[in-house]
There are 2 protein chains.
Amino acid sequence: MSFSFKLITKDSDSNARRGKIKTQHGEIHTPIFMPVGTQATVKAMTPRELKEIGVEIILGNTYHLYLRPGHKLIEEAKGLHKFMNWEKPILTDSGGFQVFSLSDLREIKEEGVYFQSHIDGSKHFISPEKSVEIQNALGADIVMAFDECPPEPTNYDYVSNSLDRTIRWALRSKEAMENVDQSLFGIIQGGIFKDLREKSVKEMVQINFPGYAIGGLSVGEAKKDMLDTLEFTVPLMPEDKPRYLMGVGTPEDLIEGVLRGIDMFDCVMPTRIARHGSIYTSEGRITIRNATYKDDFDPPDKDCNCYVCQNYSRAYVRHLLKRKEILGVRLTTYHNLYFFINLMKKIRDSIEDNSFLTFRENFYKKYNKINAK
Amino acid sequence: MSFSFKLITKDSDSNARRGKIKTQHGEIHTPIFMPVGTQATVKAMTPRELKEIGVEIILGNTYHLYLRPGHKLIEEAKGLHKFMNWEKPILTDSGGFQVFSLSDLREIKEEGVYFQSHIDGSKHFISPEKSVEIQNALGADIVMAFDECPPEPTNYDYVSNSLDRTIRWALRSKEAMENVDQSLFGIIQGGIFKDLREKSVKEMVQINFPGYAIGGLSVGEAKKDMLDTLEFTVPLMPEDKPRYLMGVGTPEDLIEGVLRGIDMFDCVMPTRIARHGSIYTSEGRITIRNATYKDDFDPPDKDCNCYVCQNYSRAYVRHLLKRKEILGVRLTTYHNLYFFINLMKKIRDSIEDNSFLTFRENFYKKYNKINAK
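Residues numbered from 1 in each chain as written. Chains lettered and ligands numbered in written order. Predicted model: local features only at pLDDT ≥ 70, side-chain atom pairs only at ≥ 80, totals over all residues. Heavy atoms only, no water.

*Asks:* So what's going on with the relation of the copies chain A and chain B? Which residues, and what values?
*Replies:* Rotating chain A by 180 degrees about the axis while translating it 0.0 Å along that axis superimposes it on chain B, leaving an RMSD of 0.0 Å. Both copies of the chain, as the preceding transformation shows, are related through a two-fold rotation axis. Residue I326 of chain A of chain A places its C-alpha closer to the rotation axis than any other residue of that unit, at 3.7 Å. When the interface residues of chain A are mapped onto chain B, 100% of them again fall at the interface, so both copies present the same face. (Least-squares fit on C-alpha atoms with pLDDT ≥ 70 in both. Contact = heavy atoms within 4.5 Å.)

*Asks:* Can you explain the packing of helix α13 (residues 314-322) of chain A against helix α14 (residues 326-352) of chain A? Please cite residues and give values.
*Replies:* Residues and elements named next belong to chain A. Where α13 contacts α14, the two axes come as close as 7 Å, and the packing angle between them is 130 degrees. By the angle class used here, α13 and α14 are oblique. Once α13 is placed against α14, the crossing between them reads as left-handed. Contact residues: α13 offers Y316, V317, L320 and L321, while α14 offers L327, G328, V329, L331 and T332. (Axes fitted to C-alpha atoms, helices over the stretch in contact; angles between N-to-C directions. Helix = DSSP H or I, 4+ residues; strand = E, 2+ residues; numbered from the N terminus. Parallel < 35°, antiparallel > 145°, perpendicular 65-115°, else oblique. Left-handed = near helix turned anticlockwise from the far one by under 90°.)

*Asks:* Go over the pattern of salt bridges with me, naming the residues and quoting the values.
*Replies:* Pairing between side chains of opposite charge can happen when their charged atoms approach one another. Residue and element names in this part refer to chain B. According to the stated counting rule, one finds 51 salt bridges over all chains in the structure shown. Between K109 and E107 there is a salt bridge, with its nearest N and O atoms 3.6 Å apart. Residue R260 is joined to E231 by a salt bridge in which the shortest nitrogen-to-oxygen separation is 2.6 Å. One end of the pair, R260, is in the loop between α10 (251-259) and β14 (264-267); the other, E231, is in helix α9 (residues 223-233), with 29 residues separating them in the sequence. (Salt bridge = Lys/Arg side-chain N within 4 Å of Asp/Glu carboxyl O.)

*Asks:* Provide a residue-level description of the sheet that holds strand β10 (residues 123-126) of chain A, including the pertinent values.
*Replies:* All names here are of chain A. Read from one edge to the other, the open sheet built from three strands follows the order β8-β9-β10, with strand pairing classed as antiparallel. Of all the strands in the sheet, just β8 (104-109) and β10 have a single pairing partner and so form its edges. Pairwise comparison of adjacent strand axes, ignoring direction, gives a mean angle of 15 degrees for this sheet. Of the pairings in the sheet, the one linking strand β9 (residues 112-116) to β10 comprises four bridges and is antiparallel in character. Across the sheet, the residue bridging to Q116 is K123, located in β10. Sitting on the sheet, helix α7 (residues 156-176) is in contact with β8 and β9, with an inclination near 70 degrees to β8. (Pairing = 2+ DSSP bridges.)

*Asks:* Would you mind going over the sheet that holds strand β2 (residues 17-23) of chain B in detail, with residue names and values included?
*Replies:* Residues and elements named next belong to chain B. Spatial ordering of the open sheet is given by β1-β2-β3, a layout of three strands whose pairing is antiparallel. Across the chains shown, the open sheet's two edge strands, defined by having one partner strand only, are β1 (4-10) and β3 (26-30). Strand-to-strand, the axes of this sheet are offset by a mean angle of 15 degrees, without reference to chain direction. Examined bridge by bridge, β2 and β3 share five bridges and lie antiparallel to one another. When the bridges of β3 are listed, K22 appears paired with E27.

*Asks:* Outline the side chain of S162 of chain A, listing residues and values.
*Replies:* Residue and element names in this part refer to chain A. The residue S162 is located in helix α7 in this model. Overall, S162 belongs to the buried group, its relative accessible area being 2%. In this view, S162 contacts E148 and P150; residues no more than four positions away in its chain are not counted. (Buried < 20%, exposed > 50% of the residue type's maximum accessible area, 1.4 Å probe, protein only.)

*Asks:* Please set out α13 of chain A residue by residue, giving values where relevant.
*Replies:* Counted residue by residue, α13 of chain A has eight buried out of nine residues, so it is predominantly covered. Those residues of α13 of chain A that are buried lie in contact with β16 (278-281), β17 (284-287) and α14 of chain A together with α4 (80-84) of chain B. K324 of chain A occupies a position one or two residues after α13 of chain A and carries a positive phi of about 55 degrees.

*Asks:* Describe the interface of chain A and chain B, with residues and values.
*Replies:* Tallying the contact residues gives 36 residues for chain A and 36 residues for chain B. Both faces considered, chain A and chain B share a buried interface measuring about 3,500 Å² in area, 54% of it formed by carbon and sulfur atoms. Put simply, chain A and chain B have six salt bridges between them. Here E325 of chain A and K43 of chain B are joined by a salt bridge, their closest N and O atoms 2.6 Å apart. In this structure, the connection of chain A to chain B is made through 16 residue pairs in polar contact (both at pLDDT 80 or more). Elements with a contribution of two residues or more to the side of chain A that touches chain B: α1 (47-53), α3 (71-76), α4 (80-84), α12 (307-311), α13 and α14 of chain A. The dominant element in the side of chain A that touches chain B, judged by the number of residues it contributes, is α14 of chain A, at five residues. Of the residues in the side of chain A that touches chain B, the class split is 19 nonpolar, six polar and 11 charged. (Buried area = accessible area lost by both parts, 1.4 Å probe. Polar contact = N/O pair within 3.5 Å; in protein donor to acceptor, adjacent residues only side chain to side chain. Nonpolar A, V, L, I, M, F, W, Y, C, P; charged D, E, K, R; others polar.)

*Asks:* Before we move on, can you summarise the environment of D141 of chain A with the specific residues and values?
*Replies:* Residue and element names in this part refer to chain A. With respect to the helices and strands, D141 occurs in the loop between α6 (128-138) and β11 (142-144). For D141, a relative accessible area of 3% corresponds to the buried category. Separated by 42 residues in sequence, D141 and S183 have C-alpha atoms that sit 6.2 Å apart. A polar contact of 3.0 Å, which involves the side chain of D141, links it to the side chain of H81. A distance of 2.8 Å separates the side chain of D141 from the backbone nitrogen of I90, its partner in a polar contact.

*Asks:* How would you sum up the side chain of H81 of chain B? Please name residues and give values.
*Replies:* As for its placement among the helices and strands, H81 of chain B is situated in helix α4. Sequence-distant contacts of H81 of chain B, defined by excluding residues within four places in its chain, comprise H25, W86, E87, K88, P89, I90, G139, A140 and D141 of chain B.

*Asks:* Give me the lowdown on the state of the cysteines, citing residues and values where you can.
*Replies:* This structure, assessed with the given rule, holds zero disulfides over all chains. Free of any disulfide, C149 of chain A has its nearest neighbouring cysteine sulfur in C267 of chain A, separated by 13 Å. (Disulfide = S-S within 2.5 Å.)

*Asks:* So what's going on with the packing of helix α8 (residues 194-207) of chain B against α9 of chain B? Residues and values would help.
*Replies:* Residues and elements named next belong to chain B. Contact geometry of α8 with α9 gives a least axis separation of 10 Å together with a crossing angle of 40 degrees. Taken together, α8 and α9 sit at an angle that is classed as oblique. Crossing hand, α8 versus α9: right-handed. In this structure, α8 contributes K194, R197, E198 and V201 to the contact, and α9 contributes T229, F232 and T233.

Listed below in structure tokens is the structure:
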């Protein structure tokens, strides 16, 4: 097992922390943001662009890759790293989230989930063992235990039963693990119910994983509920293991997550809104596709040092997006990922300087400028 | 006028020639292929990728840029080079070809062409003077005289009358030129009629341009007619000026054009077929999107040294194309442009070595392998 996590420093005024994860494919500096590469590509980006931006780890989606092109094909290609030409760390999810959110006619049983593909209606079955088998074939550095992620709003009884099953599935996932080069993280569920979250942490820690994720947040609950749940749950988690908040979020979510002790994040937001013509700037999120930017020859974000902001104007990017030119989406995607990666770098630096709260305050002061207009 | 053309060497066994064009934005080594950047972007590519491939000059489309985003906006952005972040040479066409092939309800008069936009039906007028005005605003290094390009098949009388008008328009284009940093090329028309081509060359040479294009080929005539017309027309053209064959063509067309004394080419083919899932390889053109390549882990072209062929498999590129991932089209476009640029480099080297005919023979021997199967 080549996986390790080292806590480097803790912020004295909050739960923010700076750490380092070592994997077979390289180091990850936490807190970290992981771009999502659903179908063996971070949409619109090459691996060398990701490296240029400073991306240290990306996420792959087990459900999508299992269906197409198939984990067997990727195994034949000598794994996901080789197949997609990404030599740095990869984390794959368990497929659970997509089985529950995308597939049709699913039936949850103790042994696993029966479902139909959202693409062609073909019938499939994924169990904890099957998820591990697929993830082994993909060959990611960090793999996730198969879980159920109940969407909000749900009732207490449903979440409670689901959680018990997820705990049993986590144990089966661990037992199914054979590939010693991969590290299996357990997922803490329990919705917004504190006693269930507490139970989940206890049981997962008892199974003993090299890292723990918090699942089931940012799935429809109020922002306050998400933050309350984090504030309650994170302190219960072991300090010497990385903490991963799944599927979150906006720049504000990242900052608030770090404040509460989270080390890892992933989200499709920066790449998805890029494809819809929106970008993040130091003064807030703007829709650069809008007519307002037609003859705006300033860079997309005046305070940004990325390739896009150093070489192109808002007017040009807007022109490309309006004309549906591929380069338009390439530039917005590149910039948005840089914005997220650079935000995390600044967060890490501020934790090292013990000035994270000041950084947070200054960020918000500037970031809300556009919305305040 | 910073424009110059120098003939470096001539092949002793054919009309192939090696030359060098100097422009305000840098040198161009001929014979050269110019990728097409219709809407201020070579589709799917960044300028730095074009530079990495070895592209020395690109083409911009006056008709498209005039309509959107508008030449005034590009002028405000300090010209097309700055707007699209391409600091090497640019050639813009006159808009004539698109006015005749794309626009609706056009009416050709002596003063110019009245037409409706193919996008929104808005009414426009382009004359030789207007074309020069637009091209001046765009700021390309090489600009083209406004002409009519009659599509095949047409009759002799139509082509003859059209040609006379094109000659008068060429004179007006030259008189309208004011920007001394731009070089205006004349366009030789005349369809597949030898006497008209001869007349066209004579009249254009009399007006005296720094370079001459051959227009009106590869517009529907038989391949043999195109080659015959080239064989007849090129030797009539001045030896000390660059010769540009517009809108051509396939790898074979480039080789046959060079053989007959052409120095410059442009074509949408490599970028367009890339978007439809086809690539050029040293053994011929293949549709990499096809199921045949599903589990083919060889590089797209085994004999290619480009970024794509060094890092990705046919199976991966096919997966991306099938999933409509932007990266798929990026990789096929990158490879196809590299294939064309590298083909021209090998052609240039072979002319320098006085081995162009051997190169041509060996190329065909290998290139037709797939079709021969």
